[in-house]
Amino acid sequence: SGFPEKGIRVAVVGDIHVRDSSNGYEDLSDLLDLILGSKTELILLLGDYTATPSSVSDMYTHRSEVAERLSVLTGVPVAAVLGNYETWSGPAEWKQSLSIAGITVLHNEVATINIKGKDFCIRGLGDAYTNQFKHVDFPDECTHLPKITITHDPAGAFNAGIEGIIFAAHTHCGQISLPFLGALWIPTEAPREATCGLYQDAKRLLWVTSGVGTSILPIRFGAQSQWDLLTLLEK
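Since the structure is predicted, the reported quantities are computational estimates derived from the model, not experimental observations.

The rules behind these values
Residues numbered from 1 in each chain as written. Predicted model: local features only at pLDDT ≥ 70, side-chain atom pairs only at ≥ 80, totals over all residues. Heavy atoms only, no water. Helix = DSSP H or I, 4+ residues; strand = E, 2+ residues; numbered from the N terminus. Buried < 20%, exposed > 50% of the residue type's maximum accessible area, 1.4 Å probe, protein only. Contact = heavy atoms within 4.5 Å. Areas by Shrake-Rupley, 256 points an atom, 1.4 Å probe, with all protein chains shown as cover. Salt bridge = Lys/Arg side-chain N within 4 Å of Asp/Glu carboxyl O. Phe/Tyr/Trp six-rings, centres within 6.5 Å; stacked < 30°, edge-to-face > 60°.

Student: When you look at the overall build of the protein chain in this model, what are you seeing that I'm missing?
Tutor: Looking only at helices and strands, one finds four helices and 13 strands in the protein chain. For the protein chain, the residues scored as buried account for 53% of the 235 residues in total. Taking as baseline every contact in the protein chain between residues at least 6 positions apart, the subset at least 24 positions apart corresponds to 71%. Counting every atom, the protein chain has about 10900 Å² of accessible surface; 52% of that belongs to carbon and sulfur.

Student: What should I look at first to understand the pattern of salt bridges in this one?
Tutor: Evaluation of the coordinates by the stated rule reveals five salt bridges. Across the salt bridge formed by Glu65 and Arg69, the nearest N and O atoms sit 2.7 Å from each other. Separated by four residues within a single helix, Glu65 and Arg69 lie in helix H2 (residues 59-70), roughly one turn from each other. A relative accessible area of 25% places Glu65 in the partly exposed class. Across the pair Asp201 and Arg204 runs a salt bridge, and its minimum N-O distance is 2.6 Å.

Student: How do you make sense of the packing of aromatic side chains when you look at a structure like this?
Tutor: Each pair of aromatic rings is reported with the distance of its centres and the angle of its planes. Counted according to the given criterion, the structure contains four aromatic pairs. Residues Tyr85 and Trp88 carry aromatic rings whose centres are separated by 5.4 Å and whose planes lie at 35° to one another, so their mutual orientation is tilted. With a centroid separation of 6.5 Å and an interplanar angle of 65°, the aromatic rings of Trp88 and Tyr129 are classed as edge-to-face. A residue pair is termed long-range when its members are at least 10 positions apart, and Trp88 in the loop between helix H3 (84-87) and helix H4 (91-100) and Tyr129 in the loop between strand S6 (118-125) and strand S7 (147-151) qualify at 41 residues. Classification of Trp88 by relative accessible area gives partly exposed; the value is 48%.

So, in structure tokens, the structure goes:
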């Protein structure tokens, strides 16, 4: 009832923050080529696909372009949630565009996804930062299946009743992190120790990806821009 014997390779991708420019779209395609070249077996997209909405001249065209480019991933199972930047720029439209592109978008929902011939239950929870989070239990049919939870803001991982394997983004690992002082500001109510990389306690194993892009300031310092390729194994 657990993970396959050799585990599964999971690409964790958050906070792409694609700019509405030819360079922004080309950078996105280059990123997607790297992900596809990694031989991942599951792709988790954790929100914030767009740059700051006020900087986007035509959100309809931008949204369509981003979704169309992301569609190249769908030869592999892809599950996604929306981030705060999608909440601020038409969440229903983002969900529709990504779904049309072949991506399973989960907004306080659970889906069964077949990976390497085995069913997994993936729960996508709404972004806590923009009050989109709603607690959703795994249904009975997931009882004996491997379970994964994805959300944008790691604060959602600490709501009552949320446990197990969880992936989140949103924090950029602080985006600007100084020696000795650490991150200057992290926009989440998650515990500070659960805002970058691996966090584990008695109830949950949480991975918070540093993310690919930037927000507010177009710089990173001491907080690596990255996506993650992880192998999930049976405990």
